Amino acid sequence: MFILAMTVSCKSPKGNGSLDMQIGYSINEKPLTCDTMVYHNAAGNTFLINEIQWFLSNMQLCDEQGRCVDLGDVFYLDTNIPESHFLHINSLPVGIYKKLRFTFGLCDADNTTGRFSNPPERDMFWPEPLGGGYHYMKLNGKYIDNDGILVPMNIHLGRGQNADLNEFYDNSFSVEIPIDLKITESGDSHLTLTMNIDNWFCNPHVYDFNTYGSAIMQNQEAQNILKENGNDVFNATTSEPMKTISEIGQELFKKAAPKPHFMTWENFKNTLSNITKTNKRP
Amino acid sequence: MRRVGIFSILLLLVILSCKPTGEEAFRPTPYELPSPLFFPSANNIPEDNPMTKEGVRLGEKLFFEDRSCALCHHKEHSFEFGPDGTLEHLGTHHTMLPLINLAWNTTGLGWKGQVSTLEEMVLAAYTDPTEINADTSEVVKRLQQSEKYPELFKKAFGSDEITFVLVEKAIAQYVRSLVFADSKFDRYLQGEEQLTQDELNGYLLFTTENGADCFHCHGGGANALFTTNLRYNNGLDADSQEEFKAPTLRNIALTAPYMHDGRFSTLDEVIDFYSEGVQYSEQISPLMHHVMQGGVQLTDQEKTQLKAFLLTLTDRSLLPNE
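Keep in mind the model is a prediction, meaning the values are calculated, not measured.

(A) Geometry of the interface of chain A and chain B. Across the boundary between the two partners, chain A contributes 35 residues, which contact 35 residues of chain B. Across the chain A to chain B interface the summed buried area is about 2700 Å²; carbon plus sulfur atoms make up 60%. Here chain A is connected to chain B by 14 residue pairs in polar contact (both at pLDDT 80 or more). Sort the elements by how many residues they give to the side of chain A that touches chain B and strand S9 (residues 150–157) of chain A lands first, with six residues. Here the residues of the side of chain A that touches chain B sort into 17 nonpolar, 12 polar and six charged.

Take a look at the structure:
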């Protein structure tokens, strides 16, 4: 114990190591497949996801004594850019780390308009009248509404505001996940951070797309529900082997074989066609 | 030993400073692309075609040559054809996209983003049977035989031997130099000019999801290009499966007709479409979340305000006087 304490308290007495980190998504207990797979949430909504774009910031690894190492200021993750989900972090002090800590989105101090001048980060901008800065996350997809029609669905999280657009709220939140990560000089350490999409829509609040509609940038109630639901959205593990970009690409981009208990896109469209025959759209 | 080292360096500097014998060193003047507020720092200038003042000047002359780009890209209409630029009139497969701030378009050119570089776009326009429809070898031959062009190419590229690749490069440089960032809205962003209340209300509508919700695809504020340069299915037709590039809204008042097929001849028609004419399809962009109401449902007053804001994006600084 004493040796361990010495290890983490001294400034890398045994040198530095590196960390390979992968960010992934799970939904309905399977890896996310964009565009083609059909999912269900706690409210009973049936939906698909086209893309997820989000910011993760102020990421740190902390040891048992609470001393933390910065892993980077801001990371932009985008399911349209598979390589954005692989981070290689150098110069980490060798040691054992017990906590992964980060901010989901960008806290107010970091969320300044004009911070990102180039796409794709630039295109996350959150308009000045709504508080400025950047979207924390854009989760775009479609769901079947109460009339049985496949309609757009946007879970866009960012700075909240009151109805008069003169008071704004920081909806970013801190995430702390217990881990047991050993950084060694051999550099074969890895960490997988997973966003469990199901949990955005439950615990403590069941989030129903029919209630909150397709657009929530100006709905602080919905923003707050998702912020509170964010408490258990993320988990991390050091035990799973790293996937290649190609493998994660397969998961994210339509190539994964449909799972038996999921409805395929073709089946989904057939079902939808039957539904819409009896529900004339406006 | 140290003296030998210093002497060697001095000798090398002397050698490098000498002009090549029998030929004047080629040193064109670098062209500095401006960096307007909230414009990207990343651009699409290729490593093998850096912008130079001589290159831009040559490109401009080529652009306005007979049977060249200006045949259809009229300067007085913000480098587009003008209100008559319909598919029927032009005989093309698509309407023009604005030649505005293209130096910062890093996601492909054309309505489908199908052309990678401006250089390629020049070649495509010259050879397309529905556009210039020229024989590039004849173009080169004509330029080579002219009195002025060999010298201009030499100044721009260091050689008076003209090739079509150099024609592409020069015109691409000129098009990249077409920077539009001096509209009333730009001056508002810089605190130099105030918008009217209607214009401000229009900007509020433009940038709010519960308003006209234009910003997700057309930028604004922190994206001063007024486009993401990405493609979307915006619900033009029922069951449409096609995606088209969101054009910049800068100089939108000058660039009718609108949409890839020029179906709308006025800005009012475009606003009406997004307000109540959006068509449902399964493939519609998820960002078109007002589709089930047929659009964003603006009142007449809101339409007027939105249009008032869009008119603040007009920049005539590179255009002839009205």
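Back to the text.
(B) Structural view of the pairing of strand S12 (residues 173–183) of chain A. Residues and elements named next belong to chain A. In S12, alternate side chains face the same way, and those of Phe173, Val175, Ile177, Ile179, Leu181 and Ile183 are buried while those of Ser174, Glu176, Pro178, Asp180 and Lys182 on the opposite face are not. Summarising the sheet, strand S7 (residues 95–104) and S12 pair through nine bridges and their orientation is antiparallel. The partner of leucine 100 across the bridge, within S12, is isoleucine 177.

(C) Representation of the packing of helix H2 (residues 53–63) of chain B against helix H6 (residues 149–157) of chain B. Residues and elements named next belong to chain B. It is at 8 Å that the axes of H2 and H6 come closest, and there the two elements cross at 145°. H6 is crossed by H2, and the crossing has left-handed handedness. Facing H2, whose interface residues are Glu54, Gly55, Leu58, Lys61 and Leu62, H6 presents Tyr149, Leu152, Phe153, Lys155, Ala156 and Phe157. Considered class by class, the residues forming the contact of H2 with H6 number seven nonpolar, one polar and three charged.

(D) Focus on empty space enclosed by the protein. Residues and elements named next belong to chain B. Counting across every chain of the model gives four cavities of 30 Å³ or more. Roughly 690 Å³ of internal volume is contained in the largest cavity. Lining the largest cavity are 42 residues, and of these His218, Asn234, Met259, Val270 and Tyr274 lie nearest its centre. Mapped by element, the contributors of at least two residues to the lining of the largest cavity are helix H10 (215–218), strand S2 (244–245), helix H11 (267–277) and helix H12 (300–311). At four residues, the largest contribution of residues to the lining of the largest cavity is made by H11.

(E) Structural detail: the layout of surface pockets. Its volume calculated, the largest pocket comes out at about 1200 Å³. Among the elements of the structure, strand S4 (46–62), strand S5 (68–78), strand S8 (137–144) and helix H5 (265–278) of chain A together with strand S1 (231–232) of chain B are those that each provide at least two residues to the lining of the largest pocket. Top element by residues in the lining of the largest pocket is S4(A). It accounts for four residues. Partitioning the lining of the largest pocket into residue classes produces 14 nonpolar, 14 polar and 13 charged. If you add up the space inside the second largest pocket, you get close to 950 Å³. For the lining of the second largest pocket, the secondary-structure elements that each account for two or more residues are helix H4 (118–127), helix H7 (164–176) and S2 of chain B. The dominant element in the lining of the second largest pocket, judged by the number of residues it contributes, is H4(B), at six residues. For the lining of the second largest pocket, a count of residues per class yields 28 nonpolar, 16 polar and five charged.

About the thresholds
Residues numbered from 1 in each chain as written. Chains lettered and ligands numbered in written order. Predicted model: local features only at pLDDT ≥ 70, side-chain atom pairs only at ≥ 80, totals over all residues. Heavy atoms only, no water. Contact = heavy atoms within 4.5 Å. Buried area = accessible area lost by both parts, 1.4 Å probe. Polar contact = N/O pair within 3.5 Å; in protein donor to acceptor, adjacent residues only side chain to side chain. Helix = DSSP H or I, 4+ residues; strand = E, 2+ residues; numbered from the N terminus. Nonpolar A, V, L, I, M, F, W, Y, C, P; charged D, E, K, R; others polar. Buried < 20%, exposed > 50% of the residue type's maximum accessible area, 1.4 Å probe, protein only. Pairing = 2+ DSSP bridges. Axes fitted to C-alpha atoms, helices over the stretch in contact; angles between N-to-C directions. Left-handed = near helix turned anticlockwise from the far one by under 90°. 1 Å grid on protein atoms, 1.4 Å probe; cavity = no way out; pocket = protein on both sides within 12 Å on 5 of 7 lines; lining within 4 Å. Points joined across faces, edges and corners; volume = space filled by probe spheres on them.

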